[in-house]
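Analysis of the macromolecular model
Spelled out, the chains give:
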Amino acid sequence: MEVLRKYASELLEKKAVAAVIGYVRVSDKRTRPAIITNPEDTSSLVFDNYCLNNLSVYLTKARIKALCRTSDKPMKLAITAKPCDVHSIVALIQENQIHRDDIHIISFNCGGVVKDFGLEFSKETLASKCIHCESQKPVYFDKLFGEEKKIPAAEDKQLQKINEIDSMSTEERFEFFKKEFDKCIKCYACRAVCPLCYCQRCITDKTIPCWIESSSHQRGNFSWNIVRAFHLSARCTGCGECERACPMDIPLGLINRTMAIEAKKSFSFVSGRSLEIPTLVGSFDVKDSDELFM
Ligand code: SF4
Ligand code: SF4
Ligand code: SF4
């Protein structure tokens with residue numbers, strides 16, 4: 001922890017970065033995001049199994065970006081990012097929302113995080129994304145801390161559920177998701193935490209014409225969740241933040257992961273893994289399969 005604090009403090013002192021986006025401890029088993037601009041405040045930075053938030057969501061916020069323009073010359077933003085959060089940064093760079101040269105990535109060899117704050121870290125409480133994590137080391141970084149760690153082996157219940165839903169009839173599957181989406185209260189927490197939900201004006205906020213009913217009603221709930229799933233397909237990096245933030249415990253990860261599995265199977269594409277491979281939705285090949293979900 002000390003090496004991270006010292007490193008972040010030096011970056012700010014040297015004015016190499018305008019701010020460090022990182023985690024600070026709130027209590028024993030809870031952290032919160034912090035935007036640090038004063039070198040002295042880096043003494044509260046932490047990185048452990050309780051750093052749940054995907055901080056890359058802040059990289060596209062106008063108020064954070066404005067910090068880089070407060071001195072004579074534009075400065076970078078430093079961000080503490082788990083390897084899976086680096087995937088979101090890659091996706092944001094590829095979608096031209098941020099520039100690689102403007103970001104200083106501080107990452108870690110990761111040993112997994114808990115699914116929610118307040119839980120003891122163990123294989124039973126491991127976040128679902130960590131169970132099938134294939135990149136405990138970041139694909140890109142400017143500074144890497146920590147030794148390589150082992151993630152506790154745990155059952156992939158999310159994949160079991162996806163397979164179970166896959167074996168249902170179309171009607172049964174429709175009923176399953178109808179029941180889940182009925183719980184939606186349209187709080188838009190899923191959108192707020194998603195790094196890739198960066199539109200200035202979301203389709204669900206448009207009233208003329210009104211594409212998606214804003215009230216928490218079955219029709220609007222269905223449209224909202226399906227439209228969001230489509231807008232995120234082959235873009236979602238699987239950070240799991242939307243599902244964690246949903247106050248109604250809607251298993252949004254089931255949809256996101258299914259879409260990701262399809263993108264991999266049909267196009268060999270996984271979002272946020274490489275700056276060299278063009279994004280799936282941003283490139284077109286006449287040879288691409290058009291037989292999705294048949
Ligand atoms: S998904 Fe991988 S990189 Fe992300 S928190 Fe879990 S173990 Fe770490
Ligand atoms: S849709 Fe959910 S899992 Fe995917 S990138 Fe957004 S917040 Fe993360
Ligand atoms: S976070 Fe959950 S309840 Fe809120 S809008 Fe998203 S799906 Fe609906």
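**As for the domain arrangement of the protein**
- Looking at the assigned domains, one finds that the protein contains domain 1 (2–145) and domain 2 (157–267).
- Taking the mean C-alpha position of each, domain 1 and domain 2 sit 26 Å from one another.
- Counting residues at the interface gives 17 residues for domain 1 and 15 residues for domain 2.
- Among the secondary structure elements, those contributing two or more residues to the side of domain 1 that touches domain 2 are helix H3 (83–94) and helix H4 (128–131).

**Considering the site of ligand 1**
- With respect to spatial proximity, the complete set of residues near ligand 1 consists of Lys-82, Pro-83, Cys-84, Cys-110, Gly-112, Val-113, Ala-127, Lys-129, Cys-130, Cys-133, Gln-136 and Ile-151.
- Counting residues per element, the ones that place at least two in the shell around ligand 1 are H3 and H4.
- The class makeup of the residues in the shell around ligand 1 is 8 nonpolar, 2 polar and 2 charged.

**A word on the environment of Arg-30**
- One can find Arg-30 in strand S2 (residues 30–36).
- With 80 residues separating them in the primary sequence, Arg-30 and Cys-110 have C-alpha atoms 17 Å apart.
- For Arg-30, the residues in contact, after removing those within four places along its chain, are Tyr-50, Phe-117 and Gly-118.

**Some remarks on the nonpolar core**
- Among the nonpolar cores identified, the biggest contains 57 residues, and Ala-8, Val-17, Val-20, Leu-77, Ala-78 and Ile-79 are the most heavily contacted of them.
- Of all the elements in the fold, those that place two or more residues in this core are helix H1 (2–13), strand S1 (17–27), strand S4 (76–81), H3, strand S5 (103–108), helix H8 (218–232) and helix H10 (252–267).
- Among the domains, domain 1 (2–145) and domain 2 (157–267) are the pair contributing at least three residues each to this core.
- Setting aside residues no more than four positions away along its own chain, Ala-8 makes contact with Val-20, Gly-22, Ile-36, Thr-42, Leu-45 and Ala-78.

**Section: the environment of Ala-263**
- Mapped onto the secondary structure, Ala-263 falls in helix H10.
- Take Ala-263: there are 20 C-beta atoms within 10 Å of it, and that puts it in the buried class.
- Through-space distance from the C-alpha of Ala-263 to that of Ser-233 is 7.9 Å; in sequence the pair is 30 residues apart.
- Beyond its immediate chain neighbours, meaning those up to four positions away, Ala-263 contacts Ser-233, Ala-234, Phe-269 and Leu-280.

**Regarding unusual backbone geometry**
- Here the amide bond leading from Ile-208 into Pro-209 is cis, since omega sits at -10°, within 30 degrees of zero.
- Tracing the chain through its elements places Pro-209 in the loop between helix H7 (189–193) and H8.
- Phi at Lys-15 takes a positive value of approximately 55°, unusual for a residue other than glycine.
- Note that Lys-15 resides in the loop between H1 and S1.
- Residue class for Lys-15 comes out exposed when judged on the 11 C-beta atoms lying within 10 Å of it.

**Considerations on the site of ligand 3**
- Around ligand 3, 13 residues are found, and the nearest of them are Cys-184, Cys-187, Ala-189, Cys-190 and Cys-246.
- Taken together, the residues of the shell around ligand 3 sort by class into 11 nonpolar, 1 polar and 1 charged.

Conventions we followed
Residues numbered from 1 in each chain as written. Chains lettered and ligands numbered in written order. Predicted model: local features only at pLDDT ≥ 70, side-chain atom pairs only at ≥ 80, totals over all residues. Domains from an automatic or database assignment. Contact = placed C-beta atoms within 7 Å. Helix = DSSP H or I, 4+ residues; strand = E, 2+ residues; numbered from the N terminus. Near = placed C-beta within 6 Å. Nonpolar A, V, L, I, M, F, W, Y, C, P; charged D, E, K, R; others polar. Core = buried A, V, L, I, M, F, W, Y, C linked by C-beta atoms within 7 Å. Buried ≥ 20, exposed ≤ 12 C-beta atoms within 10 Å, placed from the backbone.

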